[in-house]
Amino acid sequence: MAGVGLRAAARRCLPRREHGGPRAASSSPSCPGCGPPGPGAHCPGAPRSAPAGGAEPSAHLWARYQDMRRLVHDLLPPEVCSLLNPAAIYANNEISLRDVEVYGFDYDYTLAQYADTLHPEIFTAARDILIEHYKYPEGIRKYDYNPSFAIRGLHYDIQKSLLMKIDAFHYVQLGTAYRGLQPVPDEEVIDLYGGTQHIPLYQMSGFYGKGPSIKQFMDIFSLPEMALLSCVVDHFLGHGLEFDQAHLYKDVTDAIRDVHVKGLMYQWIERDMEKYILRGDETFAVLSRLVAHGKQLFLITNSPFSFVDKGMRHMVGADWRQLFDVVIVQADKPSFFTDRRKPFRKLDEKGSLHWDRITRLEKGKIYRQGNLFDFLRLTEWRGPRVLYFGDHLYSDLADLMLRHGWRTGAIIPELEREIRIINTEQYMHSLTWQQALTGLLERMQTYQDAESRQVLAAWMKERQELRCITKALFNAQFGSIFRTFHNPTYFSRRLVRFSDLYMASLSCLLNYRVDFTFYPRRTPLQHEAPLWMDQLCTGCMKTPFLGDMAHIR
């Protein structure tokens, strides 16, 4: 069993409850709930045939509750709060880098990572465009960018002006629906969708999450867009102004687009690359290392050449193009991957287009637009020997994995912060006790006398409070980008489907050999038992061997 110091530390995070009833939830430990006890072990969550010694059922339930708390305290090791490495690469699919001969990259938020200070600039510029060019009310100018409001992966119902978080099963996570800057009551959300939390996304949104009725915000640049959209709706509702939801949504989207199309964002970054571009030296190290090991590299980006050239010179040096076998700019992804009609055009050093037909893609040259089918024909880079990295699950990765069999790597900058939160004592203790409590609720629901129902209701209330605590650690409004209360988010579902690997930044590659093989953890299905120590220790809800874990440790 764990030592006295561990039990004392756990108790500091988990105030004990007495049989007299529940107290308000705190950040508490929990471990896997419990399943059938292993041989010779008693599982404190398993209902006994009857309360011992004629005890009241409610007293029996509270006794099981205290047993579980003690077990959780004893089984939670101190090092559990630093299990995950923010600089690690995580695998959805088994992949050996030994088999990868060609590496491809997006530019924005892949080769070039940007500081969060860029988002207020985008927000403010788009807000002013709305006021000055679209003649929106001057009162909107009072709103400033709030970096803590939204998270990536949210859905927006255009006709209902609802920004919300949806899970992998297309259900709205209650408590995460906002109209403007105000939360929408759960009852109203359910009523708006015909008495259910379920959203028929297949009817309301296309494959790339772009509508017509519901839009999913998938890239990092969408954070200021969601903030501005919410602020504008808040202003109109707060001042009783009538508006057409579709027009407002389009105007805000167009204003954000104008910031990019007019080159404002490019100008800000070019003026102060030290301020906006992060990890440039690490990007150079990754590219140089791959080339030194005989790998071929290519770049496909939607950004213009002049912008990419200045950024790459800043990060890599004036001869950066010698690292790449092919460079394609203004590719117009995702249509680059599906539309065969656009030919490649060659650019000269000044960005002027050539008119000659492209019969091969030359190293050191710059090409514009084109399409993937000509790219495959000219390079013969096909299938799993190609690994492409990007930050947008739809525009960068989906078609490459589903249609062409490339291996894909997703760059998810938010991962670093989320892992640091997961590694905290507060999160780990709160989550593990939440899971244990869930196991108790599942097992003890067979007790249905009046007093027992009161106990179960108290547990359910505590479980909900714990869920809110863990959600707020990530984001007060929407929680983690990867999970609802327990299910994966819709974003996570797409991440698993469209990427073999995911990581916080490209620099994570520096932590691995170029012939490293990534193995995904065999996470148990609901009908399977967790048989390996990495699963026993990471908190499945039903762990048949919970009682044996003390002996294993």
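Parameters at a glance
Residues numbered from 1 in each chain as written. Predicted model: local features only at pLDDT ≥ 70, side-chain atom pairs only at ≥ 80, totals over all residues. Heavy atoms only, no water. UniProt positions renumbered as here; feature names shortened; annotations may be inferred. Helix = DSSP H or I, 4+ residues; strand = E, 2+ residues; numbered from the N terminus. Contact = heavy atoms within 4.5 Å. Expected span 1.5 Å × (residues − 1). Buried < 20%, exposed > 50% of the residue type's maximum accessible area, 1.4 Å probe, protein only. Salt bridge = Lys/Arg side-chain N within 4 Å of Asp/Glu carboxyl O. Pairing = 2+ DSSP bridges. Phe/Tyr/Trp six-rings, centres within 6.5 Å; stacked < 30°, edge-to-face > 60°. Lys NZ or Arg CZ within 6 Å of the ring centre and 35° of its normal. Arc of directions from axis to C-beta.

Under an unreviewed UniProt entry, the name given to the chain is 5'-nucleotidase domain containing 2, and the organism recorded is Monodon monoceros. Recorded under Sequence similarities (unreviewed entry), the UniProt text for the chain is reproduced unchanged: "Belongs to the 5'(3')-deoxyribonucleotidase family."

## A short note on the UniProt feature "binding site: Mg(2+)" (unreviewed entry) in the chain
UniProt records the feature "binding site: Mg(2+)" (unreviewed entry) at Asp-106 and Asp-391, using the numbering of this structure. A compact arrangement is adopted by the annotated residues: their sequence extent is 286 residues, whereas the largest C-alpha distance between any two is 7.7 Å. Among the structural elements, Asp-106 can be located in the loop between strand E3 (102-105) and strand E4 (113-114). Among residues more than four places away in sequence, those in contact with Asp-106 are Leu-111, Leu-299, Ile-300, Thr-301, Lys-333, Tyr-388, Phe-389, Gly-390, Asp-391 and Asp-396. Tracing the chain through its elements places Asp-391 in the loop between strand E15 (386-390) and helix H13 (393-404).

## Quick look at helix H2 (residues 57-75)
Under the 1.5 Å per step criterion, the end-to-end length of H2 is 27 Å for 19 residues, consistent within 8% with the ideal 27 Å. Of all 19 residues in H2, 16 are buried, a share of seventy percent or more.

## A closer look at the environment of Val-316
Note on placement: Val-316 falls in the loop between helix H11 (305-315) and strand E12 (326-329). Put simply, Val-316 and Ser-288 are 28 residues apart on the chain and 9.1 Å apart in space, counted from C-alpha to C-alpha. In contact with Val-316, not counting residues within four places along its chain, are Phe-284, Leu-287 and Leu-323.

## Describing the pattern of salt bridges
Applying the stated criterion across every chain, the model contains 32 salt bridges. In this structure, Glu-362 and Lys-346 form a salt bridge, with 3.4 Å as the shortest nitrogen-oxygen distance. One end of the pair, Glu-362, is in the loop between strand E13 (344-347) and strand E14 (366-369); the other, Lys-346, is in strand E13, and 16 residues separate them in sequence.

## Some points on the sheet that holds strand E16 (residues 407-411)
Strand order in the open sheet made by the nine strands is E1-E17-E16-E15-E3-E11-E12-E14-E13, with mixed pairing throughout. The open sheet is flanked by strand E1 (90-91) and E13, the only strands paired with a single partner. Here E1 runs beside strand E17 (residues 501-503); their pairing, made up of two bridges, is antiparallel. Following the sheet pairing, Tyr-90 is matched in E17 by Tyr-502.

## Examining the packing of aromatic side chains
Per the stated rule, a full pass over the model turns up 36 aromatic pairs. Seen in terms of ring centroids, Tyr-65 and Trp-459 are 5.7 Å apart; in terms of plane orientation they differ by 25°. Their pairing is stacked. You can see Tyr-65 sitting in helix H2 and its partner Trp-459 sitting in helix H16 (residues 450-474), a full 394 residues away along the chain. Judged by its relative accessible area of 0%, Trp-459 falls in the buried class. Pairwise contacts between aromatic rings join Phe-298, Phe-375, Trp-381, Tyr-388 and Trp-406 into one cluster. Arg-69 extends its terminal NZ or CZ atom over the ring of Trp-433, reaching a point 4.8 Å from the ring centre. Positioned above the aromatic ring of Phe-373, the side-chain terminus of Arg-340 is 3.9 Å from the ring centre.

## A few points about helix H14 (residues 414-422)
Considered for burial, the residues of H14 that qualify are Glu-414, Leu-415, Glu-418, Ile-419 and Ile-421. Viewed along the axis of H14, the buried residues span an arc of 160°, placing them on a single side of the element. Structurally, H14 contributes buried residues whose contacts are with E1, helix H15 (425-444), H16 and E17.

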